[in-house]
Amino acid sequence: VVGKTLSSTSFAKLALDALSNWAKQCHITLSQLSVSVNEQGLSMMRLLLSILTQRIESSLSFDVVVGACQVLMISVLDSTDYGTPSRSSSVCELLAAFPSIDFSGAASLDGSDDVLASLANLASALATQEIDLVAQCNTSGCSELIEILLQLQKHPNPVAAIAPLEVWLAIQDVPVSC
């Protein structure tokens, strides 16, 4: 890297790889990603969500979106903060962002299979980890998340189509009352 110019996309990919490794090694939770890092209230969670909610227009951004998904998925799957108010707030923020994620853009571009698979895995992991909340469908973004999972289920990309299956297995175990 020394002596070469990095594009902003390459730099972002390297930064996301480092963040992903840090999140794995240090067991970073959604609550920790949501902690403000400056006076304006900016957090790593908000930065990652801003990456996911941008329109996916070219293969240059594929690696960046995949990297953001990886970091979020690591934190979603680390449930050591489960049941805390900060995790609940973080989950609500993540759920509220799902309707703005460009799943159709990821599905329509050539070579975007990894992006779609990463988004599908993130959606499925979030729904599975927070199945009680998602099954109730009372929180903003829950019904949209379920709709996204249904759309992914019929996608021709097998990785994207298989990811929601675990959600349907988990949701059948959620008790409902009439």
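Data block above holds the structure.
About the thresholds
Residues numbered from 1 in each chain as written. Predicted model: local features only at pLDDT ≥ 70, side-chain atom pairs only at ≥ 80, totals over all residues. Heavy atoms only, no water. Helix = DSSP H or I, 4+ residues; strand = E, 2+ residues; numbered from the N terminus. Polar contact = N/O pair within 3.5 Å; in protein donor to acceptor, adjacent residues only side chain to side chain. Expected span 1.5 Å × (residues − 1). Buried < 20%, exposed > 50% of the residue type's maximum accessible area, 1.4 Å probe, protein only. Contact = heavy atoms within 4.5 Å. Core = buried A, V, L, I, M, F, W, Y, C linked by side-chain atoms within 4.5 Å. Patch = residues over 30% accessible without salt bridge, like charges linked within 9 Å, V, L, I, M, F, W, Y side chains within 5 Å. Areas by Shrake-Rupley, 256 points an atom, 1.4 Å probe, with all protein chains shown as cover. Salt bridge = Lys/Arg side-chain N within 4 Å of Asp/Glu carboxyl O. Axes fitted to C-alpha atoms, helices over the stretch in contact; angles between N-to-C directions. Parallel < 35°, antiparallel > 145°, perpendicular 65-115°, else oblique. Left-handed = near helix turned anticlockwise from the far one by under 90°.

Draft legend 1. A look at the environment of S50. By the secondary structure assignment, S50 is in helix α3 (residues 44-52). Between the alpha carbons of S50 and V65 there is a distance of 10.0 Å; along the sequence they are 15 residues apart. At 2.7 Å, the side chain of S50 forms a polar contact with the backbone oxygen of L47.

Draft legend 2. Region of interest: helix α4 (residues 62-77). Helix length check: α4, at 16 residues, gives a terminal C-alpha distance of 22 Å against a target of 22 Å (1.5 Å per residue), a fit within 8%. Of all the 16 residues making up α4, twelve are buried; the element is thus mostly covered by neighbouring parts of the structure. Inspection of α4 places F62, V64, V65, V66, G67, A68, C69, V71, L72, I74, S75 and V76 among the buried residues, and these make up the whole buried set. Residues of α4 that are buried in the fold lie against α1 (8-26), α2 (30-33), α3, α5 (85-97) and α7 (113-129).

Draft legend 3. Region of interest: the nonpolar core. Of all hydrophobic cores here, the largest spans 51 residues; its most connected members are L52, L72, L94, F98, L119 and L145. Broken down by element, this core gets its largest block of residues, ten residues, from α4. Discounting residues that sit within four places of it in the chain, L119 has contacts with L52, I56, V65, C69, I101, F103 and A106.

Draft legend 4. Seen up close, a nonpolar patch on the surface. Side chains of V37, L42 and L47 sit close together on the surface and give an oily, nonpolar patch of about 230 Å² of accessible area. Mapping L42 onto the fold places it in the loop between α2 and α3.

Draft legend 5. Summary view of the packing of α3 against α4. Across the interface, α3 lies against α4 with an axial gap of 9 Å and an inter-helix angle of 140°. The angle between the axes of α3 and α4 places the two elements in the oblique class. Of the two possible hands of crossing, α3 and α4 adopt the one that is left-handed. In this structure, α3 uses M45, L48, L49, I51 and L52 to contact α4, whose residues at the interface are V64, V65, A68, C69, V71 and L72.

Draft legend 6. The pattern of salt bridges, seen in detail. For the coordinates displayed, the defined rule picks out four salt bridges. Across the salt bridge formed by D81 and R87, the nearest N and O atoms sit 2.9 Å from each other. Each member of the pair, D81 as well as R87, carries the same accessibility label: buried. R87 is the salt-bridge partner of E130, the closest N and O atoms lying 2.8 Å from each other. Of this pair, E130 sits in the loop between α7 and α8 (131-136) while R87 sits in helix α5, placing them 43 residues apart in sequence. Here the two residues E130 and R87 agree in accessibility, since each one is buried.

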